[in-house]
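Residue-level listing of the chains:
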Amino acid sequence: MRWGINNKFINSMTQKPLIIANWKCNPTSQKEAEHLFVAVEKEIRNIKDVEVVICPPFVWLSLPGGSARDGFAFGSQDCHWENKGAYTGEVSPAMLKDLGCQYVILGHSERRKYFQEDDQVINRKIKVALKNNLRPILCIGEENRDTFDSEGRPLNEMSLVVGQQLENDLVDIPEARIREITIAYEPIWAIGSGNPCSPNEAMKASLFIRKTLAKLYDRPKAEKVKILYGGSVTSQNAADYINQAAMDGLLVGGASLNASEFIKIVEKASQ
Ligand code: PGA
């Protein structure tokens, strides 16, 4: 990354794009999960210059073959805020690390909405993930597409929500660790809607995120943080976010459940 004209950050693409598959609560059988792993693994190992991370449901993380897959790393979709203890139903970061996970998605909008996770909980989870040397992928994003009030003034929901989430979720995260966190900008209105964010809107969000990180830390540290786009990514629009919106990679939901579509997305990112 570097500062460009008008004091804006420009993605210099010196790092490999990072493509993350979020399988969410899919597929429902071991057989299908195994099939998907194998289909992705077969093609992905031939694609160079892209870092791929698959985040399946917890149970599919421990299928035979485990974390020793070729061509991609593993992440989980959540973790508990403690390493062990009397927390029925929870999976801890220490367990995930022991299984070979390298990444953990935290603060996904579906966790915030359906499981009432607030910024305080997400902040605790980021801290414990870092303690276990798991790399957090922090998801942030506004609920409604930016609109205008009755007098035509922009409501700036993106900057309000994203700014607040960054400030709250990163409380007391030491500056030495910030580069280990990846930020995924996922506007809620674009997730699973088939109505993706335009590259221009994504670019604005990415610049805003980097400026906020520069305020919370400093410019050189902000430059090192990877910023991804997520929300209705397909093989048709994947390259636009990387080439036009200066994104460092993508967080792919629905399209990651179709091996050939996901592979096409990774290929687009590598070009
Ligand atoms: P989507 O989901 O690609 O299906 O929109 C993205 C996400 O929720 O991470």
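It should be emphasised that the depicted structure is a prediction, and the values quoted were computed from it without experimental measurement.

(A) Spotlight on the site of the ligand. The environment of the ligand is formed by 13 residues, the closest being K24, H108, E186, G192 and S232. Separating an oxygen atom of the ligand from a side-chain N or O atom of K24 is a distance of 2.7 Å. Here an oxygen atom of the ligand sits 2.9 Å away from a polar atom, N or O, in the main chain of G253. Its free accessible area being 280 Å², the ligand has 95% of it covered by the protein chains. Taken together, the residues of the shell around the ligand sort by class into 4 nonpolar, 7 polar and 2 charged.

(B) Expanded view of the packing of helix α4 (residues 119-131) against helix α5 (residues 157-169). Their axes nearest at 8 Å, the elements α4 and α5 cross at an angle of 50 degrees. If you check the angle between α4 and α5, you find them oblique. Within the contact between the two elements, α4 uses D119, I122, N123 and I126 and α5 uses Q165, N168 and D169. Of the residues belonging to the contact of α4 with α5, the class tally is 2 nonpolar, 3 polar and 2 charged.

(C) Main features of the pattern of salt bridges. For the structure on display, the rule yields 14 salt bridges. Here K24 and E110 are joined by a salt bridge, their closest N and O atoms 2.8 Å apart. Of the two residues, K24 sits in the loop between β3 (18-22) and α1 (30-44) while E110 sits in helix α3 (residues 109-114), which places them 86 residues apart along the sequence. By relative accessible area, E110 is classed as partly exposed at 25%. For K125, the salt bridge identified is with D78, shortest N-O distance 2.9 Å. Residue K125 is located in helix α4, and its partner D78 is located in the loop between β5 (73-76) and α2 (93-99); the two are separated by 47 residues in the primary sequence. The residues K125 and D78 share a single accessibility class, namely buried.

(D) Looking closely at the environment of D118. Along the chain, D118 turns up in the loop between α3 and α4. The exposure class of D118 is partly exposed, given its relative accessible area of 38%. For the pair formed by D118 and D169, sequence separation is 51 residues and the distance between their alpha carbons is 8.9 Å.

(E) Quick peek at the environment of E261. Inspection of the secondary structure assignment puts E261 in helix α9 (residues 259-270). You can call E261 buried: its relative accessible area is 15%. Spatially, the C-alpha atoms of E261 and S235 are 6.4 Å apart, while their sequence positions differ by 26 residues. A polar contact of 2.7 Å, which involves the side chain of E261, links it to the backbone nitrogen of S235.

(F) Quick peek at the packing of aromatic side chains. Inspection of the entire model under this criterion finds 6 aromatic pairs. Relative to F74, the ring of F37 lies with its centre 5.4 Å away and its plane at 80 degrees, an arrangement referred to as edge-to-face. Of the two residues, F37 is situated in helix α1 and F74 in strand β5; the sequence distance between them amounts to 37 residues. Note on accessibility: F37 and F74 belong to one class, buried. With centroids separated by 4.1 Å and ring planes inclined at 25 degrees, the aromatic side chains of Y229 and Y241 adopt a geometry described as stacked.

What counts as what
Residues numbered from 1 in each chain as written. Predicted model: local features only at pLDDT ≥ 70, side-chain atom pairs only at ≥ 80, totals over all residues. Heavy atoms only, no water. Near = heavy atom within 4 Å. Polar contact = N/O pair within 3.5 Å; in protein donor to acceptor, adjacent residues only side chain to side chain. Areas by Shrake-Rupley, 256 points an atom, 1.4 Å probe, with all protein chains shown as cover. Nonpolar A, V, L, I, M, F, W, Y, C, P; charged D, E, K, R; others polar. Axes fitted to C-alpha atoms, helices over the stretch in contact; angles between N-to-C directions. Helix = DSSP H or I, 4+ residues; strand = E, 2+ residues; numbered from the N terminus. Parallel < 35°, antiparallel > 145°, perpendicular 65-115°, else oblique. Contact = heavy atoms within 4.5 Å. Salt bridge = Lys/Arg side-chain N within 4 Å of Asp/Glu carboxyl O. Buried < 20%, exposed > 50% of the residue type's maximum accessible area, 1.4 Å probe, protein only. Phe/Tyr/Trp six-rings, centres within 6.5 Å; stacked < 30°, edge-to-face > 60°.

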